[in-house]
Amino acid sequence: MTTRRLFFALWPDEAGRDALLAAARDARFAPGGRAVPRHNLHLTLCFLGDTDAATEARARERAALIRHPPVPVTFDALEWWSGPRVLVAVAPDEVAAPLARGICPHIKSFRAHVTLAREVPGPARERAEMTPVAWSCDRFVLVESRRGAPYSIVGEWPLYTRE
Ligand code: 2AM
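1. Some words on the overall build of the protein chain
Consideration 1: Each helix and strand in the protein chain was counted, giving 3 helices and 9 strands.
Consideration 2: Written out in order from the N terminus, the α and β elements of the protein chain read β-α-β-β-α-β-β-α-β-β-β-β.
Consideration 3: Here the C-alpha atoms of the protein chain give a radius of gyration of 16 Å, agreeing with the 15 Å that 2.2 N^0.38 yields for 163 residues.
Consideration 4: Judged by the C-alpha coordinates and their principal axes, the protein chain covers about 45 × 45 × 30 Å.
Consideration 5: The proportion of buried residues among the 163 residues of the protein chain is 43%.
Consideration 6: Of all intrachain contacts in the protein chain linking residues separated by at least 6 positions in sequence, the fraction that spans at least 24 positions is 77%.
Consideration 7: On the protein chain, roughly 8,800 Å² of surface is accessible, and the fraction owed to carbon and sulfur atoms is 52%.
Consideration 8: Averaged over its 22 positive side-chain charges, the protein chain has a centre that lies 4 Å from the centre of its 19 negative ones.

Shown next, in the form of structure tokens:
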């Protein structure tokens, strides 16, 4: 059975990427590790994993039914997560959680975060405040992850306030 590895995400524009990277750099927290390539930065809403065509079709149908206003995510801290040893920028979960649960009703836990680096050696503290960075997301996307290749957007749906 052919599958592809998929996830739903909020995808930043260039200014959003730049602002997040600059604020993270200025916070001087948890340096080192392997930086996530700039073009791959995103906030995962729901990870589908290896997905067959029928399951993907159902996920797309659900996505197309979403009626949700734009999501103003504000990243205000950096955290080092000891299990996966990743450096992440975090935002309050409540802002994006309803959208994530609308797209994937089965998700159990949701942490609004952008992974900035992997294999990061442990810092002295596990969290540092950061100059807040806002992403205003007026769409959500379906992304394919292929080993050794940049993520590619394979679907997108608008977020808008209804008149
Ligand atoms: P991460 O950023 O926290 O590492 C593509 O791999 C995206 O899906 C990444 O953003 C990754 O989250 C997330 N992801 C990968 N495997 C996952 C899993 N088993 N459960 C939840 N999210 C996962």
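Next comes the rest of the write-up.
2. Brief notes about the sheet that holds strand 7 (residues 127-137)
Consideration 1: Spatially, the 5 strands line up as an open sheet ordered 2-6-5-4-7, and their pairing is antiparallel. Each edge of the open sheet carries a strand with a single partner, namely strand 2 (34-35) and strand 7.
Consideration 2: Relative to strand 5 (residues 86-90), strand 4 (residues 71-81) runs antiparallel, the two sharing 5 bridges. Bridge pairing links Glu 79 to Val 88 in strand 5.
Consideration 3: Here helix 1 (residues 14-27) sits on the sheet and contacts strand 4, strand 5, strand 6 (113-118) and strand 7; the angle it forms with strand 7, its principal contact strand, is near 175°.

3. Here's the deal with the site of the ligand
Consideration 1: In the neighbourhood of the ligand, the contacting residues comprise Arg 5, Phe 7, His 42, Thr 44, Phe 47, His 113, Thr 115, Arg 118 and Tyr 151.
Consideration 2: In the environment of the ligand, an oxygen atom lies 2.7 Å from a nitrogen or oxygen atom belonging to the side chain of His 113.
Consideration 3: Contacts to the ligand include Arg 118, whose side-chain N or O atom sits 2.9 Å from an oxygen atom.
Consideration 4: Placement of the ligand is best described as lying within the largest pocket.
Consideration 5: If you list the elements that add at least two residues to the shell around the ligand, you get strand 1 (3-10), strand 3 (43-52) and strand 6.
Consideration 6: The element best represented in the shell around the ligand is strand 6, accounting for 3 residues.
Consideration 7: Grouping the constituent residues of the shell around the ligand by class yields 3 nonpolar, 4 polar and 2 charged.

About the cut-offs
Residues numbered from 1 in each chain as written. Predicted model: local features only at pLDDT ≥ 70, side-chain atom pairs only at ≥ 80, totals over all residues. Heavy atoms only, no water. Helix = DSSP H or I, 4+ residues; strand = E, 2+ residues; numbered from the N terminus. Rg over C-alpha atoms; globule rule 2.2 N^0.38 Å. Buried < 20%, exposed > 50% of the residue type's maximum accessible area, 1.4 Å probe, protein only. Contact = heavy atoms within 4.5 Å. Areas by Shrake-Rupley, 256 points an atom, 1.4 Å probe, with all protein chains shown as cover. Lys, Arg positive; Asp, Glu negative; His and termini not counted. Charge placed at Lys NZ, Arg CZ, Asp CG, Glu CD. Pairing = 2+ DSSP bridges. Axes fitted to C-alpha atoms, helices over the stretch in contact; angles between N-to-C directions. Near = heavy atom within 4 Å. Polar contact = N/O pair within 3.5 Å; in protein donor to acceptor, adjacent residues only side chain to side chain. 1 Å grid on protein atoms, 1.4 Å probe; cavity = no way out; pocket = protein on both sides within 12 Å on 5 of 7 lines; lining within 4 Å. Sits in = over half its atoms within 2 Å of the grid points. Nonpolar A, V, L, I, M, F, W, Y, C, P; charged D, E, K, R; others polar.

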